[in-house]
Amino acid sequence: MDDKPNPEALNENSEHLFSFGVIADIQYADLEDGFNFQGTRRRYYRHSLLHLQGAIEVWNNESSTPCCVLQLGDIIDGYNAQYNASEKSLKVVMDTFKKLNVPVHHTWGNHEFYNFRREYLTHSKLNTKFLEDQIEHHPETMPSEDYYAYHFVPFPKFRFILLDAYDLSVLGVDQSSPKYQQCMKILKEHNPNTELNSPQGLSEPQFVQFNGGFSQEQLNWLNEVLTFSDTNQEKVVIVSHLPIYPDASDSVCLAWNYRDALAVIWSHKCVVCFFAGHTHDGGYSEDPFGVYHVNLEGVIETAPDSQAFGTVHVYPDKMLLKGRGRVPDRIMNYKKERAFHC
């Protein structure tokens, strides 16, 4: 599909149902500009906060107010931990988000775990599980406390699911715990490098320390929620820090067991799109089952004279991402046999 949608399609008069905001990889730190680990791309640590402020101002003043904003993870940069500034920087960003007039749903990425242990995050304001919706008489759709995932209904017949892509991870967990030992075993089975953040020579380059995966327990839960959504003819949006579709991502940035997640999603008809961050470059692809994979461009590598966020407008037959700055516009059509009728 063409990266630049037909402007007429973006402005057509079909009924606008609701909208939501998306933003990824803010990675704020009170530091001078730096570069990525390879030294090839500039990172604007302080200016990322100004980008967030600009996004919030736009969302607050849009003619159709978004129902919520999805923050796709890496809200502050890992460098904060080295300067003992993690809590201070998180407060600065969360205070900025307080200016937003609608709820924000926070996803956890690797930089959250560079700064905080999982237990800390669970009891922090980055845990937005209190915004979840519960499905009566369907206890199988209740997520476990063992991972950070939940679902909610922003509009009738639409369900959003936040996944925990670091459910399997060596980041943010006690090194003496069975979970750490299990995840380190998985990582080392696939990555023999001394430097576990290096994908050099790997046949499956996603098996690096800065990535993670989905436990079977979480995937079973996802399957139950999607089964409910299929039965009730809902449209589903899935959110994760890590992408799961190779054609929309750098292969090094995928979730460890992305194939397992795809297998669950592809066994259902209800999923419209999968939003992720992590790559900073952005990406977009429609998979063979008609699911759109959108990786949002990262705020942290966005120059001061640009922007990186978007608003997704939802219609009965499609979703339209209206991007700002280096986030392109995207069209996500529903399959004809599952068009939504009011």
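Before any of the text, the structure's been laid out above.
Below is a summary of the structure that appears in this document. Since the model is a prediction, treat every value here as computed from it, not as a measurement.

### What about the packing of aromatic side chains?
Here is step 1: In the structure shown here, the tally under the stated rule is 21 aromatic pairs.
Here is step 2: On the basis of an interplanar angle of 40 degrees and a centroid distance of 6.3 Å, the ring pair of F18 and F160 is categorised as tilted. Of this pair, F18 sits in strand β1 (residues 18-23) while F160 sits in strand β7 (residues 158-162), placing them 142 residues apart in sequence.
Here is step 3: In this structure F18 comes out as buried when scored by relative accessible area, which is 6%.
Here is step 4: The interplanar angle of 70 degrees and the centroid separation of 5.3 Å between the aromatic rings of F152 and F160 together place this pair among those described as edge-to-face. Neither F152 nor F160 differs from the other in exposure class; each is buried.
Here is step 5: Here the aromatic residues F18, F20, W108, F113, Y148, Y150, F152, F155, F158, F160, Y166 and F275 are joined through ring pairs into a cluster of three or more.
Here is step 6: Taking the ring centre of Y315 as reference, the NZ or CZ of K318 above it sits at 5.4 Å.

### Concerning the layout of surface pockets
Here is step 1: One number sums up the size of the largest pocket: a volume of about 540 Å³.
Here is step 2: Along the walls of the largest pocket sit 24 residues, with F37, Q38, R43, F210 and C253 positioned nearest its centre.
Here is step 3: In terms of residue count, helix α5 (residues 110-115) provides more of the lining of the largest pocket than any other element does, 3 residues in total.
Here is step 4: In terms of residue class, the lining of the largest pocket is made up of 6 nonpolar, 10 polar and 8 charged.

### Remarks on the environment of E195
Here is step 1: Checked against the element boundaries, E195 lands in the loop between α7 (178-190) and α8 (216-231).
Here is step 2: Here E195 falls in the partly exposed class, since its relative accessible area comes to 46%.
Here is step 3: Placed 13 residues apart in sequence, E195 and V208 show a C-alpha to C-alpha distance of 8.9 Å.

### Thoughts on the nonpolar core
Here is step 1: Core analysis: the biggest nonpolar cluster contains 86 residues, and F20, F275 and M319 have the highest contact counts within it.
Here is step 2: Here this core gets 6 residues from one element, more than from any other, and that element is strand β9 (residues 271-276).
Here is step 3: Excluding residues within four positions of it along the chain, F20 makes contact with P66, C67, C68, L70, F160, F275, G310, T311, V312 and V314.
Here is step 4: L168, C183, L187 and L196 belong to the second largest nonpolar core, which has 10 residues in total.

### Considerations on the side chain of K129
Here is step 1: Note on placement: K129 falls in the loop between α6 (118-122) and β6 (150-155).
Here is step 2: Look at K129: it is buried, it has no salt bridge, and the nearest opposite charge is E145 at 4.0 Å.
Here is step 3: Polar side-chain contacts of K129 include one of 3.2 Å to the backbone oxygen of S144.
Here is step 4: In this structure the side chain of K129 is engaged in a polar contact, spanning 3.4 Å, whose partner is the backbone oxygen of Y147.
Here is step 5: Discounting residues that sit within four places of it in the chain, K129 has contacts with P143, S144, E145, Y147, Y148, A149 and Y150.

The rules behind these values
By convention here, each chain's residues receive numbers from 1 onward along its written sequence. Whole-chain, interface and lining totals are the exception, using all residues; otherwise, since this is a predicted model, local features are given only for residues with pLDDT of at least 70 and side-chain atom pairs are given and counted only at 80 or more. Calculated side-chain values reflect all of the structure's heavy atoms, with hydrogen atoms and water omitted. When two rings of Phe, Tyr or Trp (its six-membered ring) have centres within 6.5 Å they constitute a pair, described as stacked for plane angles under 30 degrees, edge-to-face for angles over 60, and tilted for the intermediate range. Put simply, DSSP marks the helices as runs of H or I at least four residues long and the strands as runs of E at least two long, and each gets a number from the N terminus on. Each residue's exposure class comes from its accessible area (1.4 Å probe, protein chains only) as a fraction of the maximum for that residue type: buried when under 20%, exposed when over 50%, partly exposed otherwise. We count a charge as sitting over a ring when the NZ of a lysine or the CZ of an arginine lies within 6 Å of the ring centre and within 35 degrees of the ring normal. A pocket here means an open set of points on a 1 Å grid, computed over the protein atoms alone, that has protein on both sides within 12 Å along at least five of seven lines. A cavity is instead a set of points where a 1.4 Å probe fits but cannot get out; residues with an atom within 4 Å of a point line either one. Grid points are joined across faces, edges and corners, and a volume is the space filled by probe spheres set on the points. Three categories are distinguished: nonpolar for Ala, Val, Leu, Ile, Met, Phe, Trp, Tyr, Cys and Pro, charged for Asp, Glu, Lys and Arg, and polar for the others, with Gly belonging to the last. We define the nonpolar core as a collection of buried residues of types Ala, Val, Leu, Ile, Met, Phe, Trp, Tyr and Cys that are connected through side-chain atoms lying within 4.5 Å of one another. By definition, residues are in contact when any of their heavy atoms lie within 4.5 Å. Counting rule applied: Lys, Arg positive; Asp, Glu negative; His and chain ends not counted. Definition used for salt bridges: Asp or Glu carboxyl oxygen within 4 Å of a side-chain nitrogen of Lys or Arg. Counting of polar contacts relies on pairs of N or O atoms within 3.5 Å, with two restrictions inside protein: one atom must be capable of donating a hydrogen and the other of accepting it, and residues adjacent in sequence are counted only when both atoms are side-chain atoms.

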